Amino acid sequence: MAIFSVYVVNKAGGLIYQLDHYAPRSENEKTFSFPLDLVLKLHDERVVVAFGQRDSIRVGHAVLSINGIDVNGKYTADGKEVLEYLGNPTNYPVSIRFGRPRLSSNEKLMLASMFHSLFAIGSQLSPELGSSGIEMLETDTFKLHCFQTLTGIKFVVLADPRQAGIESLLRKIYEIYSDFALKNPFYSLEMPIRCELFDQNLKLALEVAEKAGPFGPGS
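Source: prediction; values computed, not measured. (Residues numbered from 1 in each chain as written. Predicted model: local features only at pLDDT ≥ 70, side-chain atom pairs only at ≥ 80, totals over all residues. Heavy atoms only, no water.)

1. Quick notes on the overall build of the protein chain
Line of reasoning, step 1. Helix and strand counts for the protein chain come out as 4 helices and 12 strands.
Line of reasoning, step 2. By its C-alpha atoms, the protein chain is 65 × 40 × 35 Å across when sized along the principal axes.
Line of reasoning, step 3. Burial status across the protein chain gives 40% buried among its 219 residues.
Line of reasoning, step 4. A separation threshold of at least 6 residues defines the contact pool for the protein chain, and within that pool the share at least 24 residues apart is 55%.
Line of reasoning, step 5. Taken as two groups, the 22 positive and 25 negative side-chain charges of the protein chain have centres that lie 1 Å from each other. (Helix = DSSP H or I, 4+ residues; strand = E, 2+ residues; numbered from the N terminus. Buried < 20%, exposed > 50% of the residue type's maximum accessible area, 1.4 Å probe, protein only. Contact = heavy atoms within 4.5 Å. Lys, Arg positive; Asp, Glu negative; His and termini not counted. Charge placed at Lys NZ, Arg CZ, Asp CG, Glu CD.)

Right, dumping it as structure tokens:
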């Protein structure tokens, strides 16, 4: 079991803090001969698999490295254009590492804003008056948990579906936010959280939650 990420979203829908605590490995590196038996295309400035799959490489997976050289968007770190390089038979055999595309900072900001809007829609659509909005979204591979404070700050945790104690963890994160962000004289409300003590205590809380489950009183 694991806690993957923590996000803090302000009342305007802006992402003011993010922590990628644990990323499940979903990468696969294979050596290929020419012609490549996967169809690749450029999508959202990334080279991704458009058709064909093998050895845990799936449609939608992105090219992460070629011959050990990282790929950034449609170019390798040494400046080679990925599709052009892989279309040249003289470059084979070639080792390619595939995996789920990594979200950019801009994409995370966009997703935070999108969730903020969905949260508001959920509150309005609820048949119950005074609905608190979306508290949990569940998929096969993770659960999204959300706790909104009275001031509109949202604490969002992505975790393994089997992870216990997330509700108490969310309140522990709120406590850490109150102690180490709000009480910091250099912190401005609604602005990005840049506080070393907040980082340290949040990471410790995540480690405790993963090992022990729910927080007890005074923990």
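2. Looking at the packing of aromatic side chains
Line of reasoning, step 1. Enumeration according to the criterion identifies 7 aromatic pairs in this entry.
Line of reasoning, step 2. An aromatic cluster of at least three residues, connected via ring pairs, comprises Phe147, Phe155, Tyr174 and Tyr177. (Phe/Tyr/Trp six-rings, centres within 6.5 Å; stacked < 30°, edge-to-face > 60°.)

3. Here's the deal with the domain arrangement of the protein chain
Buried accessible area, meaning the area lost when the parts come together, often serves as the stated size of an interface.
Line of reasoning, step 1. When its domains are assigned, the protein chain resolves into domain 1 (3-23 + 104-211) and domain 2 (27-99).
Line of reasoning, step 2. Here the C-alpha centroids of domain 1 and domain 2 sit 34 Å apart. (Domains from an automatic or database assignment.)

4. Quick look at the pattern of salt bridges
Line of reasoning, step 1. In total, this model carries 9 salt bridges according to the counting rule given.
Line of reasoning, step 2. Note that Lys172 and Glu175 form a salt bridge whose closest N and O atoms lie 3.4 Å from each other. Within this pair, Lys172 and its partner Glu175 are both found in helix H3 (residues 166-182), separated by 3 residues, close to a single helical turn.
Line of reasoning, step 3. Overall, the relative accessible area of 14% leaves Lys172 in the buried class.
Line of reasoning, step 4. Note on Glu175: relative accessible area 38%, which makes it partly exposed.
Line of reasoning, step 5. Through salt bridges with shared partners, a single network forms among Asp37, Arg54 and Asp55. (Salt bridge = Lys/Arg side-chain N within 4 Å of Asp/Glu carboxyl O.)

5. So, a nonpolar patch on the surface
Line of reasoning, step 1. Where nonpolar side chains cluster on the molecular surface, the patch consists of Leu103, Met110, Leu111, Met114, Leu118, Ile121 and Leu125 and spans about 680 Å² of accessible area.
Line of reasoning, step 2. Tracing the backbone shows Leu118 in helix H2 (residues 105-125).
Line of reasoning, step 3. Given a relative accessible area of 43%, Leu118 falls into the partly exposed group. (Patch = residues over 30% accessible without salt bridge, like charges linked within 9 Å, V, L, I, M, F, W, Y side chains within 5 Å. Areas by Shrake-Rupley, 256 points an atom, 1.4 Å probe, with all protein chains shown as cover.)

6. Quick notes on the sheet that holds strand S10 (residues 136-138)
Line of reasoning, step 1. Read from one edge of the open sheet, 5 strands run S2-S1-S12-S11-S10, paired in antiparallel fashion. Looking at strand neighbours, the two that pair on one side only are strand S2 (15-20) and S10, the edges of this open sheet. Adjacent strand axes in the sheet meet at a mean angle of 10 degrees, parallel and antiparallel pairs treated alike.
Line of reasoning, step 2. Of the strand pairs in this sheet, strand S1 (residues 3-9) and S2 are connected by 5 bridges, and their pairing is antiparallel. By the bridge assignment for S2, Val9 is matched with Leu15.
Line of reasoning, step 3. Where H2 meets the sheet, it contacts S1, S2, S10, strand S11 (143-148) and strand S12 (154-159), and its direction lies at approximately 115 degrees from that of S2. (Pairing = 2+ DSSP bridges. Axes fitted to C-alpha atoms, helices over the stretch in contact; angles between N-to-C directions.)

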